[in-house]
Amino acid sequence: SMTDAIFTCRKNVLLAKSPSTQIGSVFDATGGGSAPEEQEALLQQWLEAGVGNLPASESVPAVRKVSVTLTSDWLEGSELLMTSLSDLNTSPEATRCADQQHSELNALASLELQDHAVAELAGLPAEETVTVAGSAPWVPVVPQTDHQTAGCAGINVEVLNDDPAVLAWSLACDAEAVPSVLQAQPIQDAIPFYPVPTEVPYHEILWRDWEDLSVQPCVLEHVSKNTPLFEFRVMSYNILAQDLVEQGLDLYVHCHPDILNWNYRLPNLLQEIQHWDPDVLCLQEVQENHYWEQLEPTFKEMGFECFYKRRTGTKTDGCAVCYKHSRFQLISLSPIEYFRPGLDVLNRDNVGLVLLLQPVLPEGLGLEAVSPLCVANTHVLFNPRRGDIKLAQVALLLAEIDKIARTTEGSYYPVILCGDLNSVPDSPLYKFIRNGELSYHGMPAWKVVSGQEDFSQQLYSRKLLAPLWPSSLGVTDKCQYVTLCQPKKLGRREYSRDFLLQFRFCDAACERPPQLVLLEGVTDAKPVASAREHSAVTALLKRHNSLSFLGKQCSGVIQHGLNLTSVYSHFLPQRGCPEVTTMPMGLGATVDYIFYSAEPVESKAGECRAYPCRRLYKDGALKLLGRLSLLSEDVLLMANGLPNPFCSSDHLCLLASFGLEISSL
């Protein structure tokens, strides 16, 4: 019968798209009393007879071809796109089968078949294009490319937002990159969820523009001098350790469980990294066993040299820095552990890595030289209440950068600092990195990372007191190691005899040490100062005490001299909203950064600045040439937040292009 034929046709479509037997069992239970062999025979008989033998009630009013495309799951519902045959005549798949299957197209395009097909195919997975072609009644074909789809007139889909970041798979595929038959996804909740085709780039789904910054005046001025640049790309990416996913599943209740599986996420992450092709890769939340077993071997095949530092204690993830060995050579490597026994301000297991790299110039530039590059990567503590720990961890990292990047002349090599700092752009911690100074004494600990959470209503909040860390740590309030900033001694006699004699009548000099043997007439005598000498000592001690008091006042200020500024502006002017790098519990925030060395700009005398405490910078030897734009919170919400079927981390990657000046020897 016609019903059995249509039933078998629909069954064949789904069976051809999935290896599972569950769909077959569903159809066997709902397909009536006919056996599968009878249904196949009826379908063949119906096709051979053609539409001319159909009853009048089942005749085809017009010759049409049905093309069914399902929008992505992250749109509201699975909406069906219908396109007429005349709109798709340019499709090569349709042209090749037009003559051979003309009668089949007429029959399968009947109105009754359309009604049944639409009802059944509404349950198919997203991102598939189904058309009538080939020897089977229904087989998948290549999704149309952008220019092909643009010529179609019958598309009817309700897009939630006209932002280019929200695109259906059918609009994002590249015909040259996608095979002729895509691997279809089974029906959700019926059989296991399969990954989206790896041939379709993630960046074409949630569109991120590449912002060319090489047209800035400082770069154009450099180009006009015909001075070459060593150009390279740097990516920073928190890839979400799988152990952390499984320990905090309540944070990902919005995700289908299958897209949280590591076997699903790994191909997506690797595809994204391979697509953007960075020369330096800084990763956070890298699980140790995944790094050694999967990531490092894969990165080495991609031409990377890799270095990894696991978090201390029982933590199973850490940070990794990889660089293309064809572009850089390693000069030095410094892993950093922030955990210091006995120090409450440094009692967490976070880590960092600092590398000094030498760029490799192309052949033929034998008399040219380029400065080494310092690359740092870290993942700072998350706890919003412990801003004191975050500040101490960053101070340790900056001290290590100061040691690695310092030149023999006392200046610094160019520095790039990447990482997840768990602090928002308006926080004091961010301002400290960018402006080089922070007065923290008396500041509530939570305020150092203001924006994550607001604990201002708490009656007893922890306050930061000076000094933030003890002197035994060996780090000064200028974020430098004490051993590296002590002045060199010119000789044994640092103070003159006359200077030391001024203190011979002070209280400490007049007290007999308890271990000194008492000898009558020798060690029992107490020196007596004249009135003039006593007044001179008193004035000297007063001056010393005042200087000590001033020193104690200034101890609540920490500084650094690296002159770092952010690659990103943290605001999207075209959308009028902040940039977002992560979406914890559906709330967008920026916590990931790429900072780089720049030259401070001195404000002119009498010039009024809108932000008097914000340091201004311009590019120096290290120039920012471009960056990958970030997204806004509303766009990510339309993609069901992070992670989603296309972005397999709860953070977005950051990508920037730099140029280092190449100078003559």
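The rules behind each value
Residues numbered from 1 in each chain as written. Predicted model: local features only at pLDDT ≥ 70, side-chain atom pairs only at ≥ 80, totals over all residues. Heavy atoms only, no water. Helix = DSSP H or I, 4+ residues; strand = E, 2+ residues; numbered from the N terminus. Buried < 20%, exposed > 50% of the residue type's maximum accessible area, 1.4 Å probe, protein only. Areas by Shrake-Rupley, 256 points an atom, 1.4 Å probe, with all protein chains shown as cover. Salt bridge = Lys/Arg side-chain N within 4 Å of Asp/Glu carboxyl O. 1 Å grid on protein atoms, 1.4 Å probe; cavity = no way out; pocket = protein on both sides within 12 Å on 5 of 7 lines; lining within 4 Å. Points joined across faces, edges and corners; volume = space filled by probe spheres on them. Nonpolar A, V, L, I, M, F, W, Y, C, P; charged D, E, K, R; others polar. Pairing = 2+ DSSP bridges. Axes fitted to C-alpha atoms, helices over the stretch in contact; angles between N-to-C directions. Contact = heavy atoms within 4.5 Å. Parallel < 35°, antiparallel > 145°, perpendicular 65-115°, else oblique. Left-handed = near helix turned anticlockwise from the far one by under 90°. Phe/Tyr/Trp six-rings, centres within 6.5 Å; stacked < 30°, edge-to-face > 60°. Lys NZ or Arg CZ within 6 Å of the ring centre and 35° of its normal.

Asks: Would you mind going over the overall build of the protein chain in detail, with residue names and values included?
Replies: If you tally the helices and strands in the protein chain, you get 19 helices and 24 strands. Across the 665 residues that make up the protein chain, the buried fraction comes to 48%. Of the roughly 33000 Å² that the protein chain leaves accessible, carbon and sulfur atoms contribute 54%.

Asks: Account for the pattern of salt bridges, with residues named and values stated.
Replies: Taken as a whole and assessed by the stated rule, the structure comprises 15 salt bridges. Glu296 is the salt-bridge partner of Lys300, the closest N and O atoms lying 3.7 Å from each other. Taken together, the residues Lys300 and Glu296, both in helix H12 (residues 288-301) and 4 residues apart, mark about one turn of the helix. You can call Lys300 partly exposed: its relative accessible area is 47%. Taking relative accessible area as the criterion, Glu296 reaches 13% and is therefore assigned buried. In this structure, Arg311 and Asp317 form a salt bridge, with 2.8 Å as the shortest nitrogen-oxygen distance. Residues Arg311 and Asp317 agree in their burial class; the two are buried. Through salt bridges that share partners, Asp344, Arg386, Asp388 and Arg462 make up one connected network.

Asks: Quick one: what's the story with the layout of surface pockets, residue by residue and with numbers?
Replies: Estimated volume of the largest pocket: approximately 1000 Å³. Contributing to the lining of the largest pocket are 40 residues, with Leu251, Glu285, Phe382, Asn422 and Pro584 lying nearest its centre. Partitioning the lining of the largest pocket into residue classes produces 16 nonpolar, 14 polar and 10 charged.

Asks: An account of the sheet that holds strand S13 (residues 373-379) is requested, with residue identities and associated values reported.
Replies: Ordered by their spatial adjacency, 6 strands build an open sheet running S10-S11-S13-S14-S20-S17, and the pairing between neighbours is mixed. With partners counted over all chains shown, the strands left at the sheet margins are strand S10 (328-337) and strand S17 (564-566), one partner each. Looking at each pair of strands side by side, their axes are set apart by 20° on average, direction ignored. Relative to strand S11 (residues 351-359), S10 runs antiparallel, the two being bridged by 9 bridges. Residue pairing in the sheet places Phe328 in a bridge with Pro359 of S11. Packed on one face of the sheet, helix H13 (residues 387-405) meets S10, S11, S13, strand S14 (415-420) and S17 and runs near 165° to S13. Lying over the sheet, helix H14 (residues 428-435) contacts S14, S17 and strand S20 (592-597), oriented at roughly 125° with respect to S17.

Asks: If you had to explain the packing of H13 against H14 to someone new, which residues and values would you point to?
Replies: Contact pair H13 / H14: the axes reach a minimum separation of 10 Å and the direction vectors enclose 20°. Taken together, the axes of H13 and H14 are roughly parallel relative to one another. The two elements H13 and H14 cross, and the hand of that crossing is right-handed. On H14, the residues touching Lys390, Leu391, Val394 and Leu398 of H13 are Leu429, Phe432 and Ile433. Residue classes in the contact of H13 with H14 are distributed as 6 nonpolar, no polar and 1 charged.

Asks: Which residues make up unusual backbone geometry, and what values go with them?
Replies: Where the residue is not glycine, phi is negative for most of them; where a peptide bond is considered, it is trans in most cases. The amide bond that connects Ala466 to the next residue, Pro467, takes the cis arrangement and shows omega of -5°. You can see Pro467 is positioned in the loop between strand S15 (437-439) and helix H15 (482-485). Cis rather than trans, the peptide bond between Leu642 and Pro643 has omega equal to -5°. One can find Pro643 in the loop between helix H19 (633-638) and strand S24 (654-664). Phi is positive for His570, close to 70°, though the residue is something other than glycine. Its location among the elements puts His570 in the loop between S17 and strand S18 (571-572). Given the relative accessible area of 12%, His570 is considered buried. The residue Asn640 is not glycine, and still its phi comes out positive at about 70°. Relative to the assigned elements, Asn640 resides in the loop between H19 and S24.

Asks: So, the environment of Ile662: which residues are in play, and what are the values?
Replies: Here Ile662 shows up in strand S24. For Ile662, a relative accessible area of 5% gives the class buried. As a C-alpha pair, Ile662 and Pro228 span 434 residues in sequence and 5.6 Å in three-dimensional space. Filtering out sequence-adjacent residues up to four positions away, Ile662 remains in contact with Thr227, Pro228, Leu229, Phe230, Leu361, Glu368, Ala369 and Val370.

Asks: Outline the packing of aromatic side chains, supporting the account with residue identities and numerical values.
Replies: Considering all chains together, one arrives at 13 aromatic pairs under this definition. Aromatic side chains Phe307 and Tyr323 sit 6.2 Å apart centroid to centroid with 15° between the ring planes, which places their arrangement in the stacked category. Here Tyr323 lies in strand S9 (residues 317-324) and Phe307 lies in strand S8 (residues 304-310), a separation of 16 residues in the sequence. Tyr323 matches Phe307 in its accessibility class, with the two residues each being buried. Between Tyr430 and Phe595 the ring centres are 5.7 Å apart and the planes differ by 45°, which places this aromatic pair in the tilted class. A residue pair is termed long-range when its members are at least 10 positions apart, and Tyr430 in helix H14 and Phe595 in strand S20 qualify at 165 residues. The pair formed by Tyr430 and Phe595 is uniform in burial state, with each residue classed as buried. Pairwise contacts between aromatic rings join Phe230, Phe232, Phe328, Tyr596 and Phe658 into one cluster. Seen from the ring of Phe304, Lys324 lies directly overhead, with NZ or CZ sitting 5.2 Å from the centre.

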